[in-house]
Amino acid sequence: MSLHRHNPLLVQKLRPLVEAGEGDALLVTVERLSVAERRTAGYLLSTDLLVKCSSAAYWQCFRALVPSCSKAYLGTFLKALSMRFRLGQKELDEAALSAFAAVATPIDVRKTLETLLVLRLDVDTAARVVEIFTDNRLEPTATLLLKVGNPVSYYLLFQLLRRADVEAAALRHYAILLMRKADSLSFKMASALRLYFGLTDLPGTFSLRLEAYELSRLEQGFEPFLKTLQIQY
């Protein structure tokens with residue numbers, strides 16, 4: 001089915017509801033549309049209406065639509081949220097995210113975190129968002145952070161591994177996964193794990209050398225972590 005990107009009558013119907021943050025009414029209205037109109041509505045919401053509305057209105061609509069059917073609405077809201085961040089509208093509603101996390105599927109969690117963690121969140125906000133959706137459980141959290149693979153996610157991965165009771169075999173597993181990504185940032189992170197946790201049986205050659213006092217800096221916050229590993233962010 002082809003997607004129609006312009007429908008002035010539909011815009012006139014949806015815009016007042018979005019701008020007023022009338023999420024319940026918006027949900028009823030969208031659910032009553034034909035299949036073709038619903039596709040157009042999704043496009044209009046993700047590229048215009050949810051991008052330009054206030055933060056309060058966006059999150060009120062999120063609360064109503066996304067938990068009702070994440071398969072239908074999550075992608076729409078995440079696309080709009082990415083555009084909002086690019087335009088400088090960087091407010092997150094952690095209460096709305098927590099309410100959604102309570103009913104989110106594993107696929108929902110992955111999609112949400114993969115979107116949020118590339119939005120240049122400050123590290124404290126990123127940590128709270130990860131905790132909301134994963135409770136910092138080792139395996140799902142580490143897997144997601146590895147997949148995102150940016151400085152914030154790797155700092156959170158280091159903190160997760162440092163604070164959890166992780167066996168050497170698991171630490172080696174994560175270090176090898178980092179090495180297999182074969183980019184400079186991931187290799188630095190693997191090297192940091194090798195040095196910090198004393199892993200001695202990793203394949204490959206590592207150029208990163210850190211003294212004991214430098215290793216302790218990795219624990220002292222995001223900025224010391226970046227500086228010690230010579231990572232730009």
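I will try to describe carefully the structure that is included in this document. (Residues numbered from 1 in each chain as written. Predicted model: local features only at pLDDT ≥ 70, side-chain atom pairs only at ≥ 80, totals over all residues. Heavy atoms only, no water.)

Moving on to the overall build of the protein. Counting secondary structure elements, the protein contains 14 helices and zero strands. The linear arrangement of helices and strands in the protein, starting from the amino end, is α-α-α-α-α-α-α-α-α-α-α-α-α-α. Dimensions of the protein, computed from the C-alpha atoms along their principal axes, are close to 65 × 30 × 30 Å. Burial analysis of the protein (233 residues in total) assigns 48% to the buried set. (Helix = DSSP H or I, 4+ residues; strand = E, 2+ residues; numbered from the N terminus. Buried < 20%, exposed > 50% of the residue type's maximum accessible area, 1.4 Å probe, protein only.)

Let's shift gears to unusual backbone geometry. For N136, which is not a glycine, the phi torsion comes out positive at approximately 55°. For N136, the position within the fold is in the loop between α8 (123–134) and α9 (138–148). Positive phi outside glycine occurs at Q230, with the angle close to 55°. The topology assignment puts Q230 in the segment after α14 (222–229).

Turning to the nonpolar core, a few remarks are in order. Judged by nonpolar contacts, the single largest core of 83 residues is most densely connected at L26, Y58, F62, F77 and F225. Excluding residues within four positions of it along the chain, F77 makes contact with L50, Y58, C61, F62, L65 and V66. (Core = buried A, V, L, I, M, F, W, Y, C linked by side-chain atoms within 4.5 Å. Contact = heavy atoms within 4.5 Å.)

Once that is clear, we can look at the packing of aromatic side chains. Each aromatic ring pair is specified by the distance between its two centres and by the angle formed by the two planes. One pass over the full model with this rule turns up 12 aromatic pairs. For the ring pair Y58 and W59, a centre distance of 4.9 Å and an interplane angle of 80° mean the geometry is edge-to-face. On the numbers, 5.2 Å between centres and 70° between planes, the contact of Y155 with F225 is edge-to-face. Here Y155 is found in helix α10 (residues 151–163), whereas its partner F225 is found in helix α14, with 70 residues between them in sequence. Three or more aromatic residues joined by ring pairs form one cluster here, namely Y58, W59, F62, F77, F100 and F133. (Phe/Tyr/Trp six-rings, centres within 6.5 Å; stacked < 30°, edge-to-face > 60°.)

Turning next to the environment of L97. For L97, the position within the fold is in helix α6 (residues 94–101). Exposure remark for L97: the relative accessible area of 2% places this residue in the buried category. With 38 residues separating them in the primary sequence, L97 and W59 have C-alpha atoms 9.1 Å apart.

For the rest of this paragraph, the subject is the pattern of salt bridges. With the rule as written, the count across this model stands at seven salt bridges. Between K52 and D48 there is a salt bridge whose closest N-O contact spans 3.1 Å. Of this pair, K52 and D48 both sit in helix α3 (residues 35–52), four residues apart, roughly one helical turn. On the basis of relative accessible area, K52 is assigned to the exposed category, the value being 62%. The exposure class assigned to D48 is buried, which follows from its relative accessible area of 16%. Across the salt bridge formed by E94 and R128, the nearest N and O atoms sit 2.8 Å from each other. (Salt bridge = Lys/Arg side-chain N within 4 Å of Asp/Glu carboxyl O.)

Moving on, we get to helix α12 (residues 184–197). The terminal C-alpha atoms of α12, which comprises 14 residues, lie 20 Å apart, in line with the 20 Å expected from a rise of 1.5 Å per residue. Buried within α12 are the following residues: L185, S186, M189, A190, S191, A192, L193 and R194. Structurally, α12 contributes buried residues whose contacts are with α10, α11 (168–181) and α14. The backbone nitrogen of L185 lies 3.2 Å from a side-chain oxygen of the residue at the head of α12, namely D183. Phi turns positive, to about 70°, at G198, one or two residues after α12. (Expected span 1.5 Å × (residues − 1). Polar contact = N/O pair within 3.5 Å; in protein donor to acceptor, adjacent residues only side chain to side chain.)

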